[in-house]
Amino acid sequence: MITFIVSIALLVAAYFTYGKYIEKLFGPMASRKTPAYANQDGIDFVPMNKHKNSLIQLLNIAGTGPIFGPIMGALYGPVAFLWIVIGCIFAGAVHDYLTGMISIRNKGAHIPELAGKFLGAASKHLVNFFALLLLLLVGTVFVTTPASLLAILLDGKVAVGILIGLIFVYYFLSTILPIDKIIGRLYPYFGAVLLIGTFGVGIALLFSEYKIPELRLENLHPDNLPIFPMLFFTITCGALSGFHATQSPIISRTTQNESQGRYIFYGMMIAEGIIAMIWAAAAMSIFDGQTLSSIISSGTPSAVVNEVSMTLLGAVGGTIAVLGAIVLPITSGDTAFRAARSIIADYIKVDQQKVLKRLMIAVPLFAVSLVLTQIDFALLWRYFSWANQATAAIALWIATMYLYIQGKNYLVSLAPAIFITYMVFVYILNQKIGFNLDLNLSFIIGLVLTIITVALFYAKARKNRADDVETVVAVD
């Protein structure tokens, strides 16, 4: 329990310490007009208050990732706590804050536009592919997982196919309607369910008979599971997730003032880290590794969520907790499709004020996603995990370039960028969904590819600095 409590305390303290340092390093300007006002269109660019934006940001970024990921990550034992805390503070929250703020400084631009501006024109097309692949996978996974949870909650009385159809209808409406019509109105209620359920599980766990395992040398590596690189692709949301880079620009278009950035972007990532800690601790405490692995293998982590919630909170409280777990993927799935529509619109330069133009992009997206729902969840999750962390690496390289050109301490994003880039290379080289190479060989080749990536970054960075800096970092 000491490890768990100290971990939560470190996450909270980081918001007031390291988070403040990152904010000061970036240098928000309260007097600068944000895109919410400069580009106000009543559809995507709509000024909303700080608390509503922060709640939407939390629900946007916290899909099933900070629940399902930590539950599966619990198989690695308490080392999962270490990755959540260190990853969240020094990688994930830095990633989210800088992505959101750089987007604000660039007219609410999405990650492909930012990649094109800071990493080169070719990067824009590559990142556009990665971002859309990630968003389609997220949207699809976050249709099937809440449907499976709802089916369990309803004791199988409603067919999963019907639930999937209803969720798709909600996603479609959320994607094409103005952001303040559905998302802005429903999210406060969704947020209440999430917070009551999740913190209910956390408090009940602390006062239960179950013991939260402590972080010790002898339990760092249970059952000889390979921590590198698998842990960093099992627990993404809650530590570091590229999906967040696709979501932060949605809120960069509704933020009223740059000074609200730390609260909205860094703070909500810390909140997601706490959610991840609670579910990882619950899974480790209630189940032994073999039982947990068996339950996960028999379907999805949905069954674990249901078992944990009902065990700790009983029928009524457990139902609220499961509803909270259902809310998370739904409130990320809807904005995944919304972000995909927006990214495509920016890429092909199609104005989104007319509903027909929104439908022109949205309908094909949902058609593709519907086909993807027929693919095995486990396979989708593996591709999602890789695309997710590849996107995180790209976003961190964009942030590093921005800070480098500004003459600021770019090491804060360079270090996590190098680390996750290395893990991305090793993962795709080693895994069956990639090149299926020997793990040791993957480590060597991954290192070479990472060194090449760093060298290419510095070559581009020196060129950018030599050019007219104002054309690279210019803001409205």
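## Description of the overall build of the chain
The number of helices and strands found in the chain is 20 helices and 0 strands. For the chain, whose C-alpha radius of gyration is 21 Å, the value lies close to the compact-globule estimate of 23 Å for 476 residues. Overall, the chain is about 60 × 50 × 40 Å in size when its C-alpha atoms are taken along their principal axes. Counting contacts in the chain only where the partners sit at least 6 residues apart, residues at least 24 apart contribute 84% of the total. Put simply, the chain shows about 18,000 Å² of open surface, and 67% of that area lies on carbon and sulfur atoms. Across the chain, 30 positive and 24 negative side-chain charges occur, with their mean positions spaced 10 Å apart.

## Some details on helix α13 (residues 261-286)
Over its 26 residues, α13 runs 37 Å from end to end, which matches the ideal 38 Å to within 8%, given 1.5 Å per residue. Of all the bends in α13, the greatest measures close to 30 degrees and is centred on glycine 267. Counted residue by residue, α13 has 24 buried out of 26 residues, so it is predominantly covered.

## Structural notes on the pattern of salt bridges
Overall, the coordinates contain 7 salt bridges when judged by the stated rule. One salt bridge in this structure joins glutamate 258 and arginine 105, with 2.8 Å as the shortest N-O distance. Taken together, the residues glutamate 258 in the loop between α12 (243-252) and α13 and arginine 105 in the loop between α6 (79-104) and α7 (111-119) connect sequence positions 153 residues apart. The two residues glutamate 258 and arginine 105 agree in class, both being buried. Between glutamate 113 and lysine 124 there is a salt bridge, with the nearest N and O atoms lying 3.2 Å from each other. A residue pair is termed long-range when its members are at least 10 positions apart, and glutamate 113 in helix α7 and lysine 124 in helix α8 (residues 121-153) qualify at 11 residues. Overall, glutamate 113 belongs to the partly exposed group, its relative accessible area being 24%.

## Description of the nonpolar core
In terms of nonpolar packing, the biggest core is built from 162 residues, with Ile71, Leu98, Tyr171, Leu231, Tyr266, Ile270 and Val308 touching the most fellow members. Apart from residues lying up to four places away in sequence, tyrosine 266 is in contact with Ala14, Tyr15, Tyr18, Gly19, Ile22, Ile89, Ala93, Val94, Tyr97 and Gly261.

## Brief notes about the confidence of the model for the chain
Per-residue confidence for the chain averages 89 on the pLDDT scale, and 95% of its residues sit at or above 70. Summarising per-element confidence for the chain, the mean pLDDT is lowest in helix α20 (residues 469-473) (50) and highest in helix α2 (residues 18-26) (98).

## Here's the deal with the side chain of glutamine 431
Along the chain, glutamine 431 turns up in the loop between α18 (411-430) and α19 (439-466). Residue classification places glutamine 431 among the buried residues on the basis of a relative accessible area of 16%. Beyond its immediate sequence surroundings of up to four residues, glutamine 431 is in contact with Met230 and Asn436.

## A look at the packing of α12 against α13
Relative orientation of the contacting elements α12 and α13 amounts to 135 degrees, with a least axis distance of 11 Å. Considering the angle they form, α12 stands oblique to α13. Two packed elements cross with a definite hand, and for α12 against α13 that hand is right-handed. Contacts between α12 and α13 pair His244, Ser248, Ile251 and Ser252 from the former with Ile264, Phe265, Met269 and Glu272 from the latter.

What counts, and at which threshold
- Numbering of residues starts from 1 in each chain and follows the order in which that chain's sequence is written.
- Residue-level local features of this predicted model are given only where pLDDT is at least 70; pairs of side-chain atoms are given and counted only at 80 or more, and the full residue set underlies all totals for whole chains, interfaces and linings.
- No hydrogens and no water enter the side-chain calculation; it runs on all heavy atoms of the structure.
- Where helices and strands are cited, they refer to DSSP runs of H or I of at least four residues and of E of at least two residues respectively, numbered from the N terminus.
- Using C-alpha atoms as the atom set, the radius of gyration is obtained and then compared with a globule rule of 2.2 Å times the number of residues to the power 0.38.
- Contact between two residues is taken to exist if any of their heavy atoms lie within 4.5 Å; hydrogens are not considered.
- Only the protein chains shown count as covering a residue, and every accessible area follows the Shrake-Rupley method with a 1.4 Å probe.
- Only four residue types enter the charge count: Lys and Arg as positive, Asp and Glu as negative, with His and the chain ends excluded.
- We put the charge of a Lys on NZ, of an Arg on CZ, of an Asp on CG and of a Glu on CD.
- In this analysis, the expected span of each helix is defined as 1.5 Å times one less than the number of residues it contains.
- The angle between axes fitted to the seven-residue stretch ending at a residue and the seven-residue stretch beginning at it gives the bend at that residue.
- Each residue is assigned to one of three classes by its accessible area relative to the maximum for its type, calculated with a 1.4 Å probe on protein chains only: buried under 20%, partly exposed between the two thresholds, exposed over 50%.
- We count a salt bridge whenever a side-chain nitrogen from Lys or Arg sits within 4 Å of a carboxyl oxygen from Asp or Glu.
- Note on terminology: a nonpolar core comprises buried Ala, Val, Leu, Ile, Met, Phe, Trp, Tyr and Cys residues joined through side-chain atoms within 4.5 Å.
- pLDDT is a residue-level measure of predictor confidence that goes from 0 to 100.
- Think of each axis as a best-fit line through the C-alpha atoms, taken over the contacting stretch in the case of a helix, with angles from 0 to 180 degrees between the N-to-C directions.
- Reported orientations rely on four angle classes, namely roughly parallel under 35 degrees, roughly antiparallel over 145, roughly perpendicular from 65 to 115, and oblique for the rest.
- The hand of a helix crossing depends on one turn: near helix anticlockwise from the far one by less than a right angle means left-handed, and clockwise means right-handed.

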